[in-house]
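Each chain, written out:
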Amino acid sequence: MSKASQKKKNEALGLPTYCPDWCAGGLKNHWQAFMEGCPVEDARVHVSVDHCGFTNDIVNHLKQRLDRRGGAGWDVKLQQDDLLPSHMGMALVRLDMHVWRDDRSQHPSSDRLQMDLTPGEARTLAAQLINLADTYDLR
Ligand SMILES: [Zn+2]
C-alpha cells in the first residue's frame, strides 16, 4: 500500500495522517491497531518503541535465604500526551511499573503505577537513579 493510500484510509477513520519521527510503525500501525479493535481514541496516539526491565530474586546462598523477591518490572516509552487535542501533541515519557504477587501472576489494577513525565522530569529521575547507584557502587 502506498503512503498516499494509507494516508487517505487513516484520514477517513480519524487516524493520524502524519507521524513524528519517534512514532514506532508509522501510519500503518495506527490503522492496524484500529482494525484489530483498538478504539479510535487509542489507535491515534503516537507511541515509540518501549524499553522494559525486570528485577530478579536476590538470594544469599551462604545463609540460604531470599533477600529480595524479584518479579517487579518497568516499561518506558514515549507517548503522545492524550490530554492535548492536537494530533501532534507533546510527547511524554510514560513510566509503567508493576509487581507480581507471590504466585507470580500479574494484577495490573492493584499492583501497577503509571506516570507520565516531561522530558525534563525523566532526565531528573534518570540522573537521580544513576547518582544513587554510583554512590553505592563507587564507594
Ligand atoms: Zn504515529
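Treat the numbers as computed from the prediction; the structure is a model and nothing was measured. (Residues numbered from 1 in each chain as written. Predicted model: local features only at pLDDT ≥ 70, side-chain atom pairs only at ≥ 80, totals over all residues.)

A.B. asks: Would you take a moment to explain the nonpolar core for this structure?
C.D. replies: Note on soluble globular proteins: their nonpolar side chains tend to be buried together. Of all hydrophobic cores here, the largest spans seven residues; its members are Leu15, Cys19, Cys23, Leu27, Trp31, Ala43 and Val47. With near-sequence residues (within four places) excluded, leucine 15 lies in contact with Asn10, His30, Trp31, Phe34, Val40, Ala43 and Arg44. (Core = buried A, V, L, I, M, F, W, Y, C linked by C-beta atoms within 7 Å. Buried ≥ 20, exposed ≤ 12 C-beta atoms within 10 Å, placed from the backbone. Contact = placed C-beta atoms within 7 Å.)

A.B. asks: Help me understand unusual backbone geometry, please; the structure alone is not making it clear to me.
C.D. replies: Across residues other than glycine, the phi torsion is negative in most instances, and most of the peptide bonds are trans. For glutamine 64, which is not glycine, the phi dihedral falls at a positive 50°. Tracing the sequence through the fold places glutamine 64 in the loop between β2 (58-60) and β3 (65-68). Under the C-beta neighbour-count criterion, glutamine 64 is labelled exposed, with 7 such atoms within 10 Å. (Helix = DSSP H or I, 4+ residues; strand = E, 2+ residues; numbered from the N terminus.)

A.B. asks: Looking at this model, I keep getting lost on the sheet that holds strand β1 (residues 51-54). Mind explaining?
C.D. replies: Adjacent strands of a sheet pair through backbone hydrogen bonds, lying either parallel or antiparallel. One open sheet holds the four strands; their spatial order is β1-β4-β5-β6, and the pairing between them is antiparallel. Each having just a single partner strand, β1 and β6 (112-117) make up the two edges of the open sheet. With strand direction ignored, the average angle separating the axes of adjacent strands in the sheet is 15°. (Pairing = 2+ DSSP bridges. Axes fitted to C-alpha atoms, helices over the stretch in contact; angles between N-to-C directions.)

A.B. asks: Please explain helix α2 (residues 27-35) as it appears in this structure.
C.D. replies: It helps to recall that an α-helix has 3.6 residues per turn; residues three or four apart then point in one direction. Within the span of α2, buried status applies to Leu27, His30 and Trp31. The buried residues of α2 occupy an angular sector of 95° when the element is viewed end-on, so they sit on one face. The elements touched by buried residues of α2 are α1 (3-13) and α3 (40-43). Directly beyond the C-terminal end of α2, a positive phi value near 105° is found at glycine 37. (Arc of directions from axis to C-beta.)

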